[in-house]
Each structure stands twice: as structure tokens, then as C-alpha cells.
Amino acid sequence: MAAEEINEDYPGEIHDYLSVFANSIDAVDEMLKNMMSVSKNELLQKLDPLEQAKVDLVSAYTLNSMFWVYLATQGVNPKEHPVKQELERIRVYMNRVKELTDKKNAGKLDRGAASRFVKNALWEPKPKNASKVAHKGKSKS
């Protein structure tokens, strides 16, 4: 980076930030090339329906986020653009998928085992008749 020539079109203080941004853009470009090299049908056939929904939602969210950034670079306030409602709508569906995933991964309750565990863990008092019989037997001996 030190060998790179600093362009006079922008302040030198932001040079490092712009370099990191350029590297991030290159990384996104590489990921998109990898995703585009495989057809969507091939990719989705290998996944279960829940995973397919995740891929579709992440793709839609990413594209809308990139459009948000584009609007911001063009001087348009993205908060007043319909893209904001679209991002909210996608976020709601992402939360629904997350709830389904959490429900799927949650532990199942074995009612029989839980019942036995609780029954054995609780203290049970001895019947009153049993204690009187035990005392009478001791006093006679």
C-alpha cells in the first residue's frame, strides 16, 4: 500500500479506508463469480427446502442492500425509498425461517423420562401406619 500512488481527488486520510473498501468489493466480486458459475437449480437441488429458503432470502437481502448503498451513493435518501420496506419484509421472513430452524433444532421432550425423573426426585413421606408398625416392632424386642 505504501508504494501505491495517492490520488489527489480525495483526502489522504481516507486512503486506508478506500483501500479496505476496494479489497472488500473485490472479495464480493469473487463470491458473486463463484455463485454465478453454478446454476441456481443445481445449487437448490442439493439443499432441503429450509436451506433453499435461506439461500433465496440471503440473496434477496444482499441485492436490496447493495441497491440501498447505490441509492446512497447517488444522493438519494434510501430511508424514503421503497427499498426500505422491501428490506423490512425480507427481514421478517428471515426471522420466520430462524424460528423454524430453532424449533427444528430444539430438544424433544420425552414425557415418560421426564415423569420418571420428577417422580423419583420428589420426596415422598412414609405412610403413618408403616411408622407405627415399625416402632411397635422395636419396642417389643
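Further up the page is the structure itself.
Given the structure is predicted, the values throughout are model-derived calculations rather than measurements.

S.K.: Before we go on, may I ask you to explain the packing of helix H3 (residues 49–73) against helix H4 (residues 83–105) in this structure?
M.R.: Two quantities define a packed helix pair, namely the angle between the axes and the distance from one axis to the other. Contact pair H3 / H4: the axes reach a minimum separation of 10 Å and the direction vectors enclose 155°. Put simply, H3 runs roughly antiparallel to H4. As H3 packs across H4, the resulting crossing turns out to be left-handed. Facing Leu50, Ala53, Lys54, Leu57, Val58, Ala60, Tyr61, Asn64, Ser65, Phe67, Trp68 and Leu71 of H3, the residues of H4 in contact are Val83, Lys84, Glu86, Leu87, Ile90, Arg91, Tyr93, Met94, Val97, Leu100, Thr101 and Lys104. Partitioning the contact of H3 with H4 into residue classes produces 16 nonpolar, three polar and five charged.

S.K.: Please clarify how the environment of Lys79 should be interpreted in this entry.
M.R.: Tracing the backbone shows Lys79 in the loop between H3 and H4. Judged by its relative accessible area of 56%, Lys79 falls in the exposed class. The residues touching Lys79, leaving out its near neighbours within four places in the chain, are Trp68 and Lys84.

S.K.: Mind showing me how you'd approach the pattern of salt bridges here?
M.R.: Oppositely charged side chains can form a pair if their charged atoms are brought close together. Summed over the entire model, instances satisfying the criterion amount to seven salt bridges. Where Arg91 meets Glu88, a salt bridge forms, and the shortest distance between an N and an O atom there is 2.4 Å. Taken as a pair, Arg91 and Glu88 lie in helix H4 at a separation of three residues, close to a single helical turn. Under the relative-accessibility criterion, Arg91 is labelled partly exposed at 33%.

Reading guide: rules and limits
Residues numbered from 1 in each chain as written. Predicted model: local features only at pLDDT ≥ 70, side-chain atom pairs only at ≥ 80, totals over all residues. Heavy atoms only, no water. Axes fitted to C-alpha atoms, helices over the stretch in contact; angles between N-to-C directions. Helix = DSSP H or I, 4+ residues; strand = E, 2+ residues; numbered from the N terminus. Parallel < 35°, antiparallel > 145°, perpendicular 65-115°, else oblique. Left-handed = near helix turned anticlockwise from the far one by under 90°. Contact = heavy atoms within 4.5 Å. Nonpolar A, V, L, I, M, F, W, Y, C, P; charged D, E, K, R; others polar. Buried < 20%, exposed > 50% of the residue type's maximum accessible area, 1.4 Å probe, protein only. Salt bridge = Lys/Arg side-chain N within 4 Å of Asp/Glu carboxyl O.

Note that all results are geometric; they support no functional claim without further evidence.
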